[in-house]
Amino acid sequence: MSMSGNGGDTPVVYMEDIVKRFGTITALDGVDFTVNQREVVGLLGDNGAGKSTLIKVLTGVHTPTKGQIYFEGQKVDIPSPQVARALGIETCYQDLALIPLMSVTRNFFLGREVTRGFGPVTWLDMPEMDQQAREALKDIGIHLRSPREKVGKLSGGERQSIAIGRARYFGAKLLILDEPTSALSVGETHKVLTYTLNAKERGLSVIFISHNVGHVYQVADRFTIIRRGHLVGNYTRDEVTENDIADLITGEREK
Amino acid sequence: MSADSLTANLTRFRYRLAQFPEAVALISFLIVALIFSFSAEHFLTSVAISNILSFGSVQGLIVIGVAILMIAGEFDLSVGSIFAVASFVWALSMNAGLAPLPAMLFALLVSATLGLINGLIVVRTGIPSFIATLGTMLAYRGIARGIGGGDFAKYTESTPFLFTFLNGSLTKLNVLFTPVANFRLSILWFVLVAVLMSFLLRRTRFGNWVFATGGNPGAALAQGVPVRRVKLLAFTLTGLLTGLASVMQFAHRTSVDPLRGEGWELIAVAASVIGGVHLTGGVGSVVGPVIGILLLQMLEQGLVLMGVSVQIFRAVAGAILMLSVILNTYLSRSD
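Undergrad: Before we go on, may I ask you to explain the pattern of salt bridges in this structure?
TA: When charged atoms on two side chains of opposite charge get close, those side chains can pair. Taken as a whole and judged by the stated rule, the model has twelve salt bridges over all chains. A:E149 is the salt-bridge partner of A:R145, the closest N and O atoms lying 3.3 Å from each other. In this structure A:R145 comes out as exposed when scored by relative accessible area, which is 59%. Salt-bridge contacts for B:D257 lead to B:R260; the nearest nitrogen and oxygen are separated by 3.0 Å. Here B:D257 and B:R260 have matching classes, each one buried. The structure contains a network of salt bridges with shared partners spanning A:R85, A:E90 and A:R112.

Undergrad: Just checking my understanding: could you explain the interface of chain B and chain A for this structure?
TA: By a widely used convention, the size of an interface equals the accessible area lost when the partners come together. In this complex, chain B contributes 25 residues to the contact, which on the side of chain A involves 26 residues. Between chain B and chain A, the buried area comes to about 2100 Å², and carbon and sulfur atoms account for 54% of it. For the interface between chain B and chain A, the tally reads one salt bridge. In this structure, the connection of chain B to chain A is made through eight residue pairs in polar contact (both at pLDDT 80 or more). Within the residue set of the side of chain B that touches chain A, elements represented by two or more residues are α9 (185-203), α10 (205-215) and α11 (217-222) of chain B. Tallying contributions element by element places α10(B) first for the side of chain B that touches chain A, with six residues. Taken together, the residues of the side of chain B that touches chain A sort by class into twelve nonpolar, ten polar and three charged.

Undergrad: Quick question: what am I supposed to make of the environment of B:V63 here?
TA: All names here are of chain B. Position of V63 relative to the elements: it lies in helix α3 (residues 46-71). In this structure V63 comes out as buried when scored by relative accessible area, which is 1%. For V63 and F161, which are 98 residues apart along the polypeptide, the C-alpha to C-alpha distance reads 27 Å. Aside from chain neighbours lying at most four places away, what touches V63 is A268, A271, S272, P289 and I293.

Undergrad: Looking at this structure, I do not really get the sheet that holds strand β6 (residues 89-92) of chain A. What am I missing?
TA: Strands pair in a sheet through their backbones, by hydrogen bonds, and they do so in one of two ways: parallel or antiparallel. Residues and elements named next belong to chain A. Within the open sheet, the six strands sit side by side as β6-β9-β10-β3-β11-β12. Their pairing is mixed. A single partner strand is all that each edge strand has here, and the edge strands are β6 and β12 (230-236). On average, adjacent strands in this sheet sit at an angle of 20° to one another, irrespective of strand direction. The pairing of strand β3 (residues 40-44) with strand β11 (residues 222-227) spans four bridges and is parallel. From the neighbouring strand, L43 faces β11, where its bridge partner is T224. Running at roughly 175° to β6, helix α5 (residues 156-169) makes contact with β6 and β9 (174-178) of the sheet.

Undergrad: I would appreciate a short explanation of a nonpolar patch on the surface in the present structure.
TA: A surface patch of nonpolar side chains, about 380 Å² in accessible area, is lined by B:L173, B:V175, B:L176 and B:V180. Exposure remark for B:L176: the relative accessible area of 66% places this residue in the exposed category.

Undergrad: Is there a simple way to explain helix α5 (residues 100-125) of chain B in this structure?
TA: In an α-helix there are 3.6 residues to a turn, and that puts residues three or four apart on one side. The first and last C-alpha atoms of α5(B) sit 37 Å apart over 26 residues, in line with the 38 Å expected at 1.5 Å per residue. Positive phi appears at B:G126, one or two residues downstream of α5(B), with a value of about 75°.

Undergrad: In this structure, what is going on with the packing of aromatic side chains? I would like to understand it.
TA: Aromatic rings in a pair are described by how distant their centres are and how their planes are angled relative to each other. Under the defined criterion, the tally for this structure stands at 20 aromatic pairs over all chains. Centre to centre, the rings of B:F161 and B:F165 are 5.9 Å apart; their planes meet at 40°, and the pair counts as tilted. Of this pair, B:F161 and B:F165 are both found in helix α7 (residues 161-167), four residues apart, which corresponds to roughly one turn of the helix. What makes B:F161 exposed here is its relative accessible area of 64%. Ring geometry for B:F177 versus B:F183: centroids 5.7 Å apart, planes at 45°, classification tilted. By way of ring pairs, the aromatic residues A:F108, A:F109, A:Y169 and A:F170 are connected into one cluster. Taking NZ or CZ as reference, A:R112 lies 3.8 Å from the ring centre of A:F170, over its face. Geometry around A:Y217 places A:R237 over its ring, the cationic atom sitting 6.0 Å from the centre.

Undergrad: Can you walk me through unusual backbone geometry in this structure?
TA: Negative phi characterises most residues that are not glycine, and trans characterises most peptide bonds. With an omega of -10°, the peptide bond between B:T178 and B:P179 qualifies as cis. Tracing the backbone shows B:P179 in the loop between α8 (171-174) and α9. For A:E179, which is not glycine, the phi torsion reads 50° and is therefore positive. Residue position: A:E179 is located in the loop between β9 and α6 (186-201).

Conventions we followed
Residues numbered from 1 in each chain as written. Chains lettered and ligands numbered in written order. Predicted model: local features only at pLDDT ≥ 70, side-chain atom pairs only at ≥ 80, totals over all residues. Heavy atoms only, no water. Salt bridge = Lys/Arg side-chain N within 4 Å of Asp/Glu carboxyl O. Buried < 20%, exposed > 50% of the residue type's maximum accessible area, 1.4 Å probe, protein only. Contact = heavy atoms within 4.5 Å. Buried area = accessible area lost by both parts, 1.4 Å probe. Polar contact = N/O pair within 3.5 Å; in protein donor to acceptor, adjacent residues only side chain to side chain. Helix = DSSP H or I, 4+ residues; strand = E, 2+ residues; numbered from the N terminus. Nonpolar A, V, L, I, M, F, W, Y, C, P; charged D, E, K, R; others polar. Pairing = 2+ DSSP bridges. Axes fitted to C-alpha atoms, helices over the stretch in contact; angles between N-to-C directions. Patch = residues over 30% accessible without salt bridge, like charges linked within 9 Å, V, L, I, M, F, W, Y side chains within 5 Å. Areas by Shrake-Rupley, 256 points an atom, 1.4 Å probe, with all protein chains shown as cover. Expected span 1.5 Å × (residues − 1). Phe/Tyr/Trp six-rings, centres within 6.5 Å; stacked < 30°, edge-to-face > 60°. Lys NZ or Arg CZ within 6 Å of the ring centre and 35° of its normal.

Quick look at the structure:
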């Protein structure tokens, strides 16, 4: 297990010896996982390897059966998604990032609405939120027809970029992108990869989860590969080729 | 060429209409009103209109709760039974010597608690609310029958001020019409609650969370929305509004029978769906379902005035329900 990525700083996240059991099924069996400052980590593994379970442990959706999580060097408990968020961990799930039937603004500020009012009576400050959403998205190069437009009417790439823009706007330190490019066209994929690198440029750390080795390879500094709940290894980009990674995922070749 | 531009215009018009989930309800309402004004002799009279509003107000309170709950992605089939329980609780506690006001507050507390129990069953066990509240529909009906001894409960003292305050006849207004109209105070409370709930749904954080919870609970949870608490609150609110409807009706009729409210749960769902609320959650408004319930009330009154057997009402209501859903589906189609 290598903890040294780039620089010698404290990792943003260090998950140690994570075990997660569901009844008799062991989804994760003692996995270590590290993300360093300003690093894009590609998290790879076949279906059912434990990628999403690991992420759900990190984001407070699941509590680990065993193991510790350190965030910026501090040991933390992450019992709920709210806690994960408060720490600065933002997740952009493929299907769980946005609510298609709601407007861009309402999605952008969901759970962190800007309100005004007197005492206990508060209401949404829609004009303020509309303006802030529009500007925050313009800032990373996303131009919208209207922030009141329903998210369901946008393209897949636009949706991902809204989720990324939102994470950046709310000061996320760690951005988790879960299958951000599956079901996207080549052009849209390119945009999402560019936004991912933009996010890193602006100081974020990113966990990039994907089935598509080609896409991960374009953006990740390091690859963490898991198989059947076990860590296969960590590899920097100059250590492995795309083909090596594919083989490591399926278990055709051991390190 | 011109056919193409016509199609394009139609599509654009459809998109614009789809922005308003209540559009179909409003259009249906106007069409039905138009038909009745030509074919039912006494339809455009103050009596008919005031009846529609007075009766619609009581059911409307339930509809608002059910609609908000449906937007949050859940059903409540037990509202008809809660409606009966609330009236029995109020009547029996007054007959047991409790003053009208504390007795009413107790009845409302019971209603809200029954709603909360629905919510707890759904949130804790994860069973579909359709099944959970089908169960509590039977259970709460049993409570209503049980505490009422299977018989009527009446309040026979002289009318307390609270009854007048809740649902008194607006006599000074009514006598201005010939024949005398039947406007009641419930209309005022209903409008007030509708405005408040519409504000709650569209302009507050809670409302935003209701839409998010029904639209995509996973995403809502991932964004830090306390999905379970939102559902619990929506169930409790539905129970409370149903209780309010119940005491309002009791204040008018001063009696309650064991079958009171039976079948209203489906009327409330029908009104909500006609009003543009999606069965799958995440879409809807307060205004739409309010128009929906007024439409159903109008239908019932209008058919009576046309001399059509009241038995036909359900057939026509069913047809309008289906037409509305088909129209709403057409409007929200994304192509």
